[in-house]
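Here's the letter readout for the chains.
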Amino acid sequence: MKTAFVFPELQERTAQRPSHCPRCGQVGMGRHRISRRPVVDLKVTEVEVVQYRCWRCKASVSVTPPGLGHDRRHSERTKVMSVVLWGLGLSYEDVARVMKGLGTPIYDVGALLNVRAMGAEAMRKQRTVVKKLKTQVLGADETEVKLSGNGVTLGFLTDPSSGEIVGMEVLTSREGEELGRWILEAAQQFGAKVLVSDELESYKPAAEKAGLEHQLCLAHWRKAITRRLKKLEGYSAEKQLLKTALQQLDETGRHSLQWLHDQFRRARPPRPGEKQSPEYALRMLTLDILENWHRLICYQQEHEALRDELGRKVRRSYQVPTTNNATENAIGRGGKIRAKRMRGFKREDTLLPIMFLLASLSGALAGVPFQSLLS
């Protein structure tokens, strides 16, 4: 079921009162004064503020109605509206113009501060929730965003069964050692048994280091093979046989690939300055597929990988997806589409909070769970 946006409500008055004095701890505070205060909100123009005073130390506390922000001028509803408008693609200046037109004026700097504050809250909420989450399959992918004009690698982890983003981290590189650390920590946290990723070579040693079975995205793999075949001249029959084997992914297809590899086994590698021959290209292509065959058919396995010396087979109680589409979609929802329209992030400490915020907003729009701040 698709989650709708739920905006905070603002009450004109409240019956809440402090239970004790914040200074001396005396139980009970007497009502001292009631005043009316103007607020910036779409529906409410004034609220009632009640001031309570401690009869012992004379300390006073003002109580505002629920839905009024800490600055006591802009309501929570106004702040959320400014954040949603920014998340939908408007610049901070355009957000200020639209809000002024709605009768809820706010400066562009105010919208910026609201985005940062809600981003920090979204990241805190999501990380609190996923600490208790367990999933047998993890989808992993990474993308690049701009930070002060430089490219920064941002890693995404998803639960492929629901498409929910369960992790987001700034990575120092896409090399095997960094990815291995990231995947290992995630596998231990979520109790994962299988990793789904694209064809990036660094994921293979990372999965092995974490002790995970590895499923390569078939959509990425088949596209990559098709691109390599287009560069080769001739051998149309062999190309068709190879494509059929990749579509079927059965024992017959594996035997066909092995037969093809044997046919070109003696093709020599190119000498320095030479271009590789079509025969040698087919030799290396079939070898590449055969070496990754177990990663292409991981989804077909009915039992988990053997994890003890007794050789006991445990039947899988979960499905392994054939593609990494869930993670690809999550990257789009997690801010990649919005980030493309920006000049980049200025501060490193705001990068992750804002990306978590965008994932929260987009999750509500797409009907994908993400512990949305607005749901």
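Residues numbered from 1 in each chain as written. Predicted model: local features only at pLDDT ≥ 70, side-chain atom pairs only at ≥ 80, totals over all residues. Heavy atoms only, no water.

(A) Representation of the overall build of the chain in the model. For the chain, the count of helices and strands is 12 helices and eight strands. Taken over C-alpha atoms, the radius of gyration comes to 28 Å for the chain, far larger than the 21 Å a tight globule of 375 residues would show. Across its three principal axes, the chain shows a C-alpha extent of roughly 95 × 55 × 40 Å. Taking all 375 residues of the chain together, the buried fraction comes to 46%. Counting contacts in the chain only where the partners sit at least 6 residues apart, residues at least 24 apart contribute 60% of the total. Taken as a whole, the chain presents about 20,400 Å² of accessible surface, with 50% of it coming from carbon and sulfur. Across the chain, the 60 positively charged side chains and the 42 negatively charged ones have centroids separated by 8 Å. (Helix = DSSP H or I, 4+ residues; strand = E, 2+ residues; numbered from the N terminus. Rg over C-alpha atoms; globule rule 2.2 N^0.38 Å. Buried < 20%, exposed > 50% of the residue type's maximum accessible area, 1.4 Å probe, protein only. Contact = heavy atoms within 4.5 Å. Areas by Shrake-Rupley, 256 points an atom, 1.4 Å probe, with all protein chains shown as cover. Lys, Arg positive; Asp, Glu negative; His and termini not counted. Charge placed at Lys NZ, Arg CZ, Asp CG, Glu CD.)

(B) Up close: the environment of G163. Checked against the element boundaries, G163 lands in the loop between β5 (150-159) and β6 (164-171). When the C-alpha positions of G163 and A330 are compared, they lie 6.7 Å apart, and in sequence the two are 167 residues distant.

(C) Summary view of the sheet that holds strand β1 (residues 30-38). Reading across the sheet, the three strands line up as β1-β2-β3 and stay open at both edges, with antiparallel pairing between neighbours. A strand with exactly one partner marks an edge of an open sheet, and here the two such strands are β1 and β3 (60-63). Mean inter-strand twist for the sheet, computed between neighbouring axes without regard to direction, equals 25°. Bridging between β1 and strand β2 (residues 46-53) involves eight bridges; their strand directions are antiparallel. Looking at the pairing, R37 lines up with V47 of β2. (Pairing = 2+ DSSP bridges. Axes fitted to C-alpha atoms, helices over the stretch in contact; angles between N-to-C directions.)

(D) Representation of the sheet that holds β5. On the basis of which strands lie adjacent, the open sheet formed by five strands has the order β6-β5-β4-β7-β8 and mixed pairing. At either end of the open sheet lies a strand with only one pairing partner, and these are β6 and β8 (213-216). Each strand of the sheet is rotated relative to its neighbour by a mean of 30°, with strand direction disregarded. Of the strand pairs in this sheet, strand β4 (residues 137-147) and β5 are connected by nine bridges, and their pairing is antiparallel. Residue pairing for β5: D141 is matched across the bridge by F156. Where helix α5 (residues 203-210) meets the sheet, its contacts fall on β4, β7 (194-197) and β8, and the angle it forms with β8 comes to roughly 155°.

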